[in-house]
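Structural description and commentary
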Amino acid sequence: MALPEEWRSWRVVPERLRYWARTDPDRAFLRCGPDWLSYAEVDSRTDALAGGIAGLGVGKGDRVAVVLPNRLEYLLTFFALAKLGAIQVPINPYLKGEFLRHQLADSAAVALIGDAPAMAQLARLSSALPAMRTAVAVGEVGEVGETPGATVPFDELAASGRHAPVVTVEPSDLLAVMYTSGTTGLPKGCMLSHGYYLAMPWPWFQNGWLHPGDRTLTAMPLFHIGGQGIALMPALLAGNSI
C-alpha cells in the first residue's frame, strides 16, 4: 500500500497516542492480560503514571532503566516515559551481575523500574551505580536488601493522581538507549529517537505485511526492538490493536 501522507507527519510517540485517544477513544489498543485497554484508557493511565514518575524528580533527558518481562506495566511505562521526554533504557530481564551493571552504569540511568528479580540484582549492585537515585518496584518484591534512594511501589505512582507535566518533545529527542547483544565486545547503547520509532513501521505497510485495521498477537520481548519497534509501533501508527 502507499503510505498515507498523514502518517509521515507523526514523529513524536505520545502525540500519536493522544491523537487516537482524541479521535477514536474507545478503539481497542493493548491487551497484555485479561482485558483490552482502549486508546483513551492507555492515554489516561500513562498520563497519571507520568505524573507519578515526574514526582520522583525524573524529567526530560533523564535515563530510566526498565528491567521487566513482557507485562502491562512495561507498556504503560513505555508511554509514560515518552510523555516526560525521559529516555528509556530497556534491559534484558535475564541479565545479572557485571552484564547488568555495565548497562546500568554505561547509560547513567538515574532510576530503575523492575520486578522482584530486578530489585534483588539492583540491591547487589547499588554501590557500583553512583548515578542511580531511586527504584520503582513492580508487583510484590518482598525484602530484597538496600536499593538506591527510596524504593517506590509502581502501583502507588500509577494511582498518584498527578497530571503529566507539559513537556515539549521533538522528533530528534531520544526515546530510548537500547543495548546491543555485545557479541564482539561490551554491549553498546544505540540512541533511538522518537522520529526513528515512528518511521520504523513504514516498510511493514508499504510492503503489505501489515494493514490498517489489523490485530496483532506477539511474544516478541518488549526489552528490545522486536517488541517495541516491530510489534508495538505499527499498531500505534495505524491505530491498530495488539
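Some points on the pairing of strand β6 (residues 134–137)
Burial of the side chains of β6 extends over both faces: T134 and V136 are buried on one face and A135 and A137 on the other. Summarising the sheet, strand β5 (residues 111–114) and β6 pair through 4 bridges and their orientation is parallel. The residue bridging A111 from the neighbouring strand is T134, located in β6.

What about the nonpolar core?
Core analysis: the biggest nonpolar cluster contains 57 residues, and V13, F29, I53, F79, Y197, L232 and L236 have the highest contact counts within it. No other element matches the 9 residues that helix α4 (residues 72–84) contributes to this core. When residues no more than four places from it in sequence are discounted, the contact partners of I53 are V58, A80, L81, L84, I113 and L157. By size, the runner-up hydrophobic cluster in this structure holds 21 residues, among which are L104, M119, L129 and Y179.

Things to note about the pattern of salt bridges
Throughout the structure, instances matching the rule amount to 10 salt bridges. Notably, a salt bridge pairs D62 with R133, separated by 4.0 Å at the nearest N-O pair. With D62 in the loop between α3 (39–54) and β3 (63–67) and R133 in the loop between α6 (116–125) and β6, this pair connects stretches of sequence that are 71 residues apart. A salt bridge links R101 to E98, with the shortest nitrogen-to-oxygen separation between them at 2.8 Å. One end of the pair, R101, and the other, E98, are both in helix α5 (residues 97–107), 3 residues apart, so they sit about a helical turn from each other. Relative accessible area serves as the criterion here: at 23%, R101 is assigned to the partly exposed category. Using a relative accessible area of 47% as the deciding quantity, one classes E98 as partly exposed.

A closer look at empty space enclosed by the protein
Scanning all chains against the criterion turns up 1 cavity of 30 Å³ or more. Looking at the largest cavity, its volume works out to about 30 Å³. Lining the largest cavity, in full, are F205, L210, D214, T216, A231, P234, A235 and N240. If you tally residues by element for the lining of the largest cavity, the top one is helix α10 (residues 225–238), at 3 residues. A breakdown of the residues in the lining of the largest cavity according to their chemical character gives 5 nonpolar, 2 polar and 1 charged.

Some remarks on the packing of aromatic side chains
Per the stated rule, a full pass over the model turns up 10 aromatic pairs. Here the aromatic rings of W10 and Y19 are separated by 5.0 Å at their centres, their planes lie at 50°, and the arrangement is tilted. W10 gets classed as buried once you look at its relative accessible area, which sits at 14%. The class of Y19 is partly exposed, set by a relative accessible area of 21%. Aromatic side chains W20 and Y39 sit 6.1 Å apart centroid to centroid with 50° between the ring planes, which places their arrangement in the tilted category. With W20 in helix α2 (residues 13–23) and Y39 in helix α3, the pair connects residues that are 19 residues apart, well separated along the chain. The class for W20 is buried, based on a relative accessible area of 9%.

Observations regarding the layout of surface pockets
Approximately 270 Å³ is the volume found for the largest pocket. Lining the largest pocket are 16 residues, and of these R31, C32, T216, T218 and I242 lie nearest its centre. Within the residue set of the lining of the largest pocket, elements represented by two or more residues are β1 (28–31) and α10. Take the lining of the largest pocket: its biggest share by element is 3 residues, from α10. Space inside the second largest pocket adds up to approximately 190 Å³. Lining the second largest pocket we find 15 residues, and of these N92, L95, Q103, T180 and S181 sit closest to its centre. Among the residues making up the lining of the second largest pocket, the classes are represented as 8 nonpolar, 7 polar and no charged.

How each quantity is defined
- Residues numbered from 1 in each chain as written.
- Predicted model: local features only at pLDDT ≥ 70, side-chain atom pairs only at ≥ 80, totals over all residues.
- Heavy atoms only, no water.
- Buried < 20%, exposed > 50% of the residue type's maximum accessible area, 1.4 Å probe, protein only.
- Helix = DSSP H or I, 4+ residues; strand = E, 2+ residues; numbered from the N terminus.
- Pairing = 2+ DSSP bridges.
- Core = buried A, V, L, I, M, F, W, Y, C linked by side-chain atoms within 4.5 Å.
- Contact = heavy atoms within 4.5 Å.
- Salt bridge = Lys/Arg side-chain N within 4 Å of Asp/Glu carboxyl O.
- 1 Å grid on protein atoms, 1.4 Å probe; cavity = no way out; pocket = protein on both sides within 12 Å on 5 of 7 lines; lining within 4 Å.
- Points joined across faces, edges and corners; volume = space filled by probe spheres on them.
- Nonpolar A, V, L, I, M, F, W, Y, C, P; charged D, E, K, R; others polar.
- Phe/Tyr/Trp six-rings, centres within 6.5 Å; stacked < 30°, edge-to-face > 60°.

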